[in-house]
Amino acid sequence: MRIKFAKSLTVLAAMAVGAGTAMAGTTAATAAPAKPCVTDKNLVPSCGVLWGAAAGGFTTKPRDVELKNWEKLSGRTASIFHTYHKGDEAFPTKAEIAMTSDPANPRVLLTNWKIAYGSSWAKVAKGEQDKRIDAFAARIKKTYGDKKFFLVLNHEPENDVIAKKGSGWEAKDFAAMYRHTIKRLESKGVDNAINVMAYMGNEKWMAQSWWADLYPGDDVVDWIGLDSYVSAEKGYYHYGKFADLLDRKATGNKGLGWYDWATTKHASKPIMIAEWGVYHRIGKPTDKTAGYNSVLPELAKRPGIKAIVYFDTKNDDEGNRDISIDSTKNNLAAFKKLAANPIFNVKIG
């Protein structure tokens, strides 16, 4: 599934922006690729990088409306529409179906499901939530047919681990839950789910002895994902650029950075930055230009990355971070310049 970019992202960066995919953009001056970038059966692009977003995070506003507003603001349709669900919530919703059925703005659904909500990973693995799994299987087949979609099971599981024997929330329980759920869905005829294992970009978790035990196996994982952020404020938590959110190492700097770990240990898997963003503290507007400008050079050096999905919110779950792209006029201008790059001109197959 690892397909290399076109010969040079430097050339791609200078290409004219296609009017069909970008709703607004910059002008540049070289020829387009010989062939268009398209996705395969596992939604891996033949060239370029899929562009996506989750907008309206930590608010009660409709995610579809917020994404459309974000697309207008950023100047590009998000090829990936990221949503979140838990437990017995019925999804895909009508809004999700409509958003990913728009021929004028092709999008693919990326949905996160905390299937163990109200239960535990261990109980799910033992079959105690099979009714929940089967209901989703029946619903997705009825409402989505054979349309491909990305499925994340319990993103950022590190944050939920209770490393105590018998807790039901050990790392090994997560891996067992993930395997059981995917195998159960497959047995019910769900063959259009593209499975994403989404890790959390935090050094303290990588340093835990159980961190690697979370991985459920290459046979049930199609993409490896990462949720990771950087601060634009020098001296503040996780200050840095795009490379810093990719290369975090375990506390103590032992072992490989996250990107090198993924591409070394699971070389056959494409990488999705399933959540990323540049933040500053609320009420302390800071220039995010360096963070946004650092994305393209890193993508040029890291062919394993096939998708990036921005998480936009003016107030995160910590209550004090602004990850929005328009916290200042300069920040929005820098982000729009990034969004307009033709590397993100990928047609959903």
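Just so we're clear, the structure is a prediction, and the values are computed from it rather than from any experiment. (Residues numbered from 1 in each chain as written. Predicted model: local features only at pLDDT ≥ 70, side-chain atom pairs only at ≥ 80, totals over all residues. Heavy atoms only, no water.)

### Looking at the state of the cysteines
Alright, step 1. Under the definition given, this model contains one disulfide.
Alright, step 2. With its sulfur 1.9 Å from that of its partner, Cys37 forms a disulfide with Cys47. Looking along the S-S bond of the Cys37-Cys47 disulfide, the torsion reads about -110°, which is the left-handed sense. Of the two residues, Cys37 sits in strand 1 (residues 37–38) while Cys47 sits in the loop between strand 1 and strand 2 (50–55), which places them 10 residues apart along the sequence.
Alright, step 3. For Cys37, a relative accessible area of 7% puts it in the buried group.
Alright, step 4. The buried category is assigned to Cys47, whose relative accessible area is 9%. (Disulfide = S-S within 2.5 Å. Helix = DSSP H or I, 4+ residues; strand = E, 2+ residues; numbered from the N terminus. Buried < 20%, exposed > 50% of the residue type's maximum accessible area, 1.4 Å probe, protein only.)

### Overview of the side chain of Thr181
Alright, step 1. Note on placement: Thr181 falls in helix 6 (residues 171–187).
Alright, step 2. At 2.9 Å, the side chain of Thr181 and the backbone oxygen of Met177 are in polar contact. (Polar contact = N/O pair within 3.5 Å; in protein donor to acceptor, adjacent residues only side chain to side chain.)

### Observations regarding the nonpolar core
Alright, step 1. One finds Trp258, Ile273, Trp276 and Ile308 to be the most contacted residues of the largest nonpolar core, which totals 81 residues.
Alright, step 2. Among the elements that make up this core, the one with the highest residue count is helix 6 (six residues).
Alright, step 3. Residue contacts for Trp276: discarding those within four places in its chain leaves Ser228, Tyr229, Phe242, Leu245, Tyr292, Val295, Ile308, Val309, Tyr310, Phe311, Phe335 and Leu338. (Core = buried A, V, L, I, M, F, W, Y, C linked by side-chain atoms within 4.5 Å. Contact = heavy atoms within 4.5 Å.)

### Concerning the layout of surface pockets
Alright, step 1. Of the voids in this model, the largest pocket is the one considered here, and its volume is about 1,000 Å³.
Alright, step 2. Along the walls of the largest pocket sit 34 residues, with Phe58, His155, Glu156, Glu275 and Asp317 positioned nearest its centre.
Alright, step 3. At the level of elements, strand 3 (80–86), strand 4 (108–114), helix 7 (203–206), strand 7 (223–231) and strand 8 (271–281) are the ones that each hand at least two residues to the lining of the largest pocket.
Alright, step 4. No other element matches the four residues that strand 3 contributes to the lining of the largest pocket.
Alright, step 5. Here the lining of the largest pocket is built from residues that sort into nine nonpolar, 10 polar and 15 charged. (1 Å grid on protein atoms, 1.4 Å probe; cavity = no way out; pocket = protein on both sides within 12 Å on 5 of 7 lines; lining within 4 Å. Points joined across faces, edges and corners; volume = space filled by probe spheres on them. Nonpolar A, V, L, I, M, F, W, Y, C, P; charged D, E, K, R; others polar.)

### Remarks on the pairing of strand 3
Alright, step 1. Burial within strand 3 is extensive, with five of its seven residues counted as buried.
Alright, step 2. Handedness of the strand 2-helix 2 (residues 63–74)-strand 3 crossover: right-handed.
Alright, step 3. Regarding the hand of the β-α-β motif, the stretch spanning strand 3, helix 3 (residues 94–99) and strand 4 is right-handed. (Right-handed = clockwise from strand over helix to strand, strands pointing away.)

### So, the pattern of salt bridges
Alright, step 1. A complete count under the given rule lists 15 salt bridges for this structure.
Alright, step 2. Its salt-bridge partner being Asp316, residue Arg321 comes within 3.9 Å of it at the nearest N-O pair.
Alright, step 3. Since its relative accessible area comes to 15%, Arg321 is described here as buried.
Alright, step 4. The class of Asp316 is buried, set by a relative accessible area of 8%.
Alright, step 5. Each of Asp247, Glu298, Lys301 and Arg302 takes part in a single network of salt bridges with overlapping partners. (Salt bridge = Lys/Arg side-chain N within 4 Å of Asp/Glu carboxyl O.)

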